[in-house]
Structure formats: structure tokens, C-alpha cells
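# Descriptive analysis of the structure
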Amino acid sequence: MLCPQALRLKLFSAQVECKAKIDTGAQFCLFERDVGEALGIDIESGLRVNLETLTGRMIAWGHEVSLTTLGLRFDTMIYFAESYEMNRNLLGRQGWLQLVRLAIVDYEEEIYLSPYEEQI
């Protein structure tokens, strides 16, 4: 997993800055419940999903928010954990990775990122 610079989630006039790890194995973007609550979201009013992780099962709730990271902005579905025990933020395939072209140069510690639809 790679950790990008700070990202920003925004819903209407509320916004939260936090960090998230890029997780190519995660199906969804999954964030801590506290992040959603800081945006003023009623977590359980969203789209419910049952997730199975390496550490067990969990419930999360999806909400459309604006996500800005590394200079790119997307309106996308972010899932917020039902439990306060989930203490990490993940950028997964649906909601983030499918929207970008990502290149990693490990030995130079560099990440190249562009919108998926941008010509290369």
C-alpha cells in the first residue's frame, strides 16, 4: 500500500483533510466513521455493504462526496465504516483507482497520477 499526500473530502460546505492509503486489493474506498461524521453525514442513511476483510467482517455505508487528492478532484462513492474501531482510510478500486492512471517508481519514491480519461 502506498500513502499519498493529504487528501480532502467535501460535502456541500463541509470539508475534511486526512490521509489515506492506496490499496489495490480493496474493492471500495473505505474511510473511518469519524471522517464521515465530520462531514455531517448520517452514516447509516447511505448504501449499506457487507465487507469481508483479512481481519473479519464489517458493515460500511456509501455516500457520494467530492474527493481531491494529488491535485485531482472526483465526485465519487466513499464508504464509511459502521464501527468506530476501523481506524484507517483506504483508496480502493471502485471510487478512486478506476478513475486514475497510476504509475509508481519505487526506487525514486515517486508517484505519477492522471485522470483515467486523459490522453497519454
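Okay, so let's go over this structure. (Residues numbered from 1 in each chain as written. Predicted model: local features only at pLDDT ≥ 70, side-chain atom pairs only at ≥ 80, totals over all residues. Heavy atoms only, no water.)

## Observations regarding the pairing of strand 2 (residues 14-18)
- Sheet topology note: the strand 1 (residues 7-11)/strand 2 ladder contains five bridges and is antiparallel. Paired with Leu-7 across the two strands is Cys-18, which belongs to strand 2.
- The hairpin turn running from strand 1 into strand 2, its antiparallel successor, is two residues long, and Phe-12 in that turn takes a positive phi close to 55°. (Pairing = 2+ DSSP bridges. Helix = DSSP H or I, 4+ residues; strand = E, 2+ residues; numbered from the N terminus.)

## Details of the pattern of salt bridges
- A full pass over the atoms with the stated rule returns four salt bridges.
- Arg-33 is paired through a salt bridge with Glu-37; the nearest N and O atoms lie 2.8 Å apart. With Arg-33 and Glu-37 both in helix 1 (residues 33-38) and four residues apart, this pair spans about one turn of that helix.
- On the basis of relative accessibility, which here comes to 31%, the residue Glu-37 falls in the partly exposed class.
- Between Asp-75 and Arg-73 there is a salt bridge whose closest N-O contact spans 3.1 Å.
- The exposed category is assigned to Asp-75, whose relative accessible area is 52%.
- Among the residues examined, Arg-73 registers a relative accessible area of 52% and is labelled exposed.
- The network of salt bridges with common partners includes Arg-33, Glu-37 and Glu-44. (Salt bridge = Lys/Arg side-chain N within 4 Å of Asp/Glu carboxyl O. Buried < 20%, exposed > 50% of the residue type's maximum accessible area, 1.4 Å probe, protein only.)

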